[in-house]
Structures are given as structure tokens and as C-alpha cells.
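Coordinate inspection notes
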Amino acid sequence: DGARADGHVEGRLRVSFTGGTGPHRADRMVCDYLRMRRLSGAAHDVMVFTEDEDFRREAEVLGADVRPVGELKQS
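Reading the values: the criteria
- What you see as residue numbers is a count from 1 along each chain, following the sequence as written.
- Confidence filtering applies because this is a predicted model: local features only for residues at pLDDT of at least 70, side-chain atom pairs given and counted only at 80 or more, and all residues used for totals across whole chains, interfaces and linings.
- Note that the side-chain values use all heavy atoms of the structure and ignore hydrogens as well as water.
- One bridge is not enough; two strands pair if DSSP finds at least two bridges between them.
- Each helix is a run of DSSP H or I of at least 4 residues and each strand a run of E of at least 2, with the numbering of both proceeding from the N terminus.
- Salt bridge, as used here, is a side-chain nitrogen of Lys or Arg placed within 4 Å of a carboxyl oxygen of Asp or Glu.
- Working definition: with a 1.4 Å probe on protein chains only, accessible area under 20% of the residue-type maximum means buried, over 50% means exposed, and in between means partly exposed.
- For this quantity, the arc is that covered by the directions from the helix axis to the C-beta atoms.
- We call two residues in contact when some of their heavy atoms are within 4.5 Å.
- Identification of polar contacts relies on pairs of N or O atoms within 3.5 Å, with a donor-acceptor requirement for protein atoms, meaning one able to donate a hydrogen and the other able to accept it, and with residues adjacent in sequence counted only if both atoms are side-chain atoms.

1. Topic: the pairing of strand 2 (residues 13–18)
Across 6 bridges, the pairing between strand 1 (residues 5–10) and strand 2 is antiparallel. If you follow H8 over to strand 2, its bridge partner there is V15. In textbook terms, the turn of a hairpin is the stretch between consecutive antiparallel strands, and for strand 1 and strand 2 this stretch comprises 2 residues, one of which, G11, has a positive phi near 65 degrees.

Shown next, in the form of C-alpha cells:
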């Protein structure tokens, strides 16, 4: 989520800000992306880091490798 839509790419990492207002905007964007990926036949892996159990379950059903935020490490 973020106040305005924006994003950038760092190597293989894509960071997106959904913009707008309202709850779960980013969750919906990620799930829409995972659905599109499945429909297009894309085979690349997608990792989602979250502590939200409902979002975790939905992203896993849609094929994401979901992990706890604590696994992210800064270099």
C-alpha cells in the first residue's frame, strides 16, 4: 500500500505501491497478479512475505511461496 501508485525494480525484486485508499489494496493487487500469472502460463517463482494469515492462505492457493516477514534480511 502507499499514498500514490508507484514502483520500481531492483534486480529480480519488484516493489509496487498500489496507491488509493481502503483496506487490503496491496493484497488484492498481489492476488490479481498471481491469478494472471497462472492464466498466462508463466512458470517463474513468486515469493510473498506476510504475517497476515488470510492473505497467506489465499496467496498459497494461487501458487506463491509464502514466508514470514522475519525471513527478510537486509544486506
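Still more ground to cover, so stick around.
2. Focus on the pattern of salt bridges
Counted according to the given criterion, the structure contains 7 salt bridges. Its salt-bridge partner being R35, residue D32 comes within 3.1 Å of it at the nearest N-O pair. Taken as a pair, D32 and R35 lie in helix 1 (residues 25–40) at a separation of 3 residues, close to a single helical turn. Residue classification places D32 among the partly exposed residues on the basis of a relative accessible area of 46%. Taking relative accessible area as the criterion, R35 reaches 35% and is therefore assigned partly exposed. D65 serves as the salt-bridge partner of R67, at 2.8 Å between the closest nitrogen and oxygen. Residue classification places R67 among the partly exposed residues on the basis of a relative accessible area of 28%. Among the charged side chains, a network of salt bridges with common partners joins D32, R35 and E58.

3. Quick word on helix 2 (residues 53–61)
Those residues of helix 2 that sit buried are F55, R56 and A59. Seen from one end, helix 2 has its buried residues packed into an arc of 105 degrees, which puts them on one side. In helix 2, those exposed residues whose orientation departs by more than 90 degrees from the buried face are D54 and V61. For helix 2, the elements touching its buried residues are helix 1, strand 3 (47–49) and strand 4 (65–67). If you check the start of helix 2, you find a side-chain oxygen 3.0 Å away from the backbone N of D54, and it comes from D52. Following helix 2 by one or two positions, G63 has its phi on the positive side, about 100 degrees.

These values are about where atoms sit, not about what they do.
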